[in-house]
Amino acid sequence: MPATEPPVMLPEAALAAAGTPTIKRRLAVMIYEFFLLFAVEMLAVLLYLLVTGNRQDPLFQHGLKVYLFVITGLYFTWCWRDSGHTLAMKTWRIKLVKPGHARLPWRVAIVRYLAAWGWFAPALIVCAAFGLHAKADIAIALALGVAAWAATAWLDRDRQFLHDRLAGTRQIGLPKPMSGEGNGKGNGKGKLP
């Protein structure tokens, strides 16, 4: 039976050299992530409605919210733990790392997921506390909350968002793949013949 090699740890120097992606790039990832997550959650809602028989009792309505919170958490934490990025992060060449670890530990992924609710939870709490139910009021509260949370990156010396700082994680930019690399195309010089 062949011996397996231990996972490669990302050295601190390599993390520093990778650099932090721009805030604009990370916000673009969030927009893309919204559309991907929308599809995941629509499938989850369909399954929930099929299993519960589309019951509309308050218990089932609250159950749906808890279920979606868990499904969303599983989506993010599994992606971060498995490869270090979601599909949106991979598309924009961003990886989530924990210095000193080859893979993100489950505990860290869960802490980051819960801390990331800082983007939305304060605004939702304000809406509930002041009885704001109009869509425009909720949208304004969410926009202000998202802007405030995004501003935390400008206050951080490494330009990391607050939830990354709280979880001890970092988002790093990955290099662009060489043109034709690994697909048999090109002349080996980064250009097609």
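Colleague: I would appreciate a short explanation of the overall build of the protein in the present structure.
Modeller: Within the protein, the regular secondary structure consists of eight helices and two strands. Listing every helix and strand of the protein by position from the N terminus yields α-α-α-α-β-α-α-α-α-β. Buried positions account for 31% of the 193 residues belonging to the protein. Carbon and sulfur atoms form 70% of the exposed surface of the protein, whose accessible area is close to 12700 Å².

Colleague: What should I look at first to understand the environment of G63 in this one?
Modeller: Note that G63 resides in helix α3 (residues 58-82). Distance in space between the C-alpha atoms of G63 and Y48 is 9.3 Å, their sequence separation being 15 residues.

Colleague: So what exactly am I meant to see when it comes to the pattern of salt bridges here?
Modeller: Two side chains carrying opposite charge are able to pair once their charged atoms lie near each other. Considering all chains together, one arrives at five salt bridges under this definition. For D164, the salt bridge goes to R112, with nearest N and O atoms at 2.5 Å. Remark: R112 occurs in helix α5 (residues 106-116) and D164 occurs in helix α8 (residues 162-167); sequence separation between them is 52 residues. For R112, a relative accessible area of 4% gives the class buried. With a closest N to O distance of 2.9 Å, R157 and D158 form a salt bridge. With a relative accessible area of 69%, R157 lands in the exposed category. Judged by its relative accessible area of 26%, D158 is partly exposed. Members of the salt-bridge network, linked through shared partners, are D156, R157, D158 and R165.

Colleague: Just to check I follow, could you spell out the confidence of the model for the protein for this structure?
Modeller: Low pLDDT marks stretches whose predicted atomic positions should not be read closely. Looking at the protein as a whole, its pLDDT mean stands at 86, while 83% of the residues score no less than 70. Considering each helix and strand of the protein separately, the mean pLDDT is smallest for helix α1 (residues 12-18), with a value of 56, and largest for α5, with 97. Low pLDDT (under 50) marks residues 186-193, which in the prediction has seven contacts with non-local residues, meaning those over four places away or in another chain.

Colleague: It is not clear to me how the layout of surface pockets should be interpreted in this structure. Could you clarify?
Modeller: Rolled over the atoms, a probe with the dimensions of a water molecule shows which regions are left empty. Taken as a whole, the largest pocket encloses approximately 1300 Å³ of empty space. Considering the residues around the largest pocket, the lining is formed by 34 residues, among which L37, T72, F76, W117 and F120 are closest to the centre. Secondary-structure elements contributing two or more residues to the lining of the largest pocket are α2 (23-52), α3, α5 and α7 (135-155). Here the element with the most residues in the lining of the largest pocket is α2; it accounts for eleven residues. Here the residues of the lining of the largest pocket are counted per class, giving 24 nonpolar, five polar and five charged.

Colleague: Explanation requested: the environment of L64 in the structure shown.
Modeller: In this structure, L64 sits in helix α3. For the pair L64 and T52, spaced twelve residues apart in sequence, the C-alpha to C-alpha distance is 9.7 Å. When near neighbours in sequence (up to four residues on either side) are disregarded, L64 contacts V45 and Y48.

Colleague: I would appreciate a short explanation of the packing of α3 against α5 in the present structure.
Modeller: In helix packing, the relevant descriptors are the interaxial angle and the interaxial distance, both defined with respect to the helix axes. It is the contact of α3 with α5, at a shortest axis distance of 9 Å, that shows an interaxial angle of 130 degrees. Relative to α5, the element α3 is oriented oblique. Crossing geometry of α3 relative to α5 is assigned as right-handed. Between α3 and α5, the residues in contact are F69, T72, G73, F76, T77, W78, W80 and R81 and W106, A109, I110, R112, Y113 and L114, respectively.

Rules of the game
Residues numbered from 1 in each chain as written. Predicted model: local features only at pLDDT ≥ 70, side-chain atom pairs only at ≥ 80, totals over all residues. Heavy atoms only, no water. Helix = DSSP H or I, 4+ residues; strand = E, 2+ residues; numbered from the N terminus. Buried < 20%, exposed > 50% of the residue type's maximum accessible area, 1.4 Å probe, protein only. Areas by Shrake-Rupley, 256 points an atom, 1.4 Å probe, with all protein chains shown as cover. Salt bridge = Lys/Arg side-chain N within 4 Å of Asp/Glu carboxyl O. pLDDT = per-residue confidence, 0-100. Contact = heavy atoms within 4.5 Å. 1 Å grid on protein atoms, 1.4 Å probe; cavity = no way out; pocket = protein on both sides within 12 Å on 5 of 7 lines; lining within 4 Å. Points joined across faces, edges and corners; volume = space filled by probe spheres on them. Nonpolar A, V, L, I, M, F, W, Y, C, P; charged D, E, K, R; others polar. Axes fitted to C-alpha atoms, helices over the stretch in contact; angles between N-to-C directions. Parallel < 35°, antiparallel > 145°, perpendicular 65-115°, else oblique. Left-handed = near helix turned anticlockwise from the far one by under 90°.

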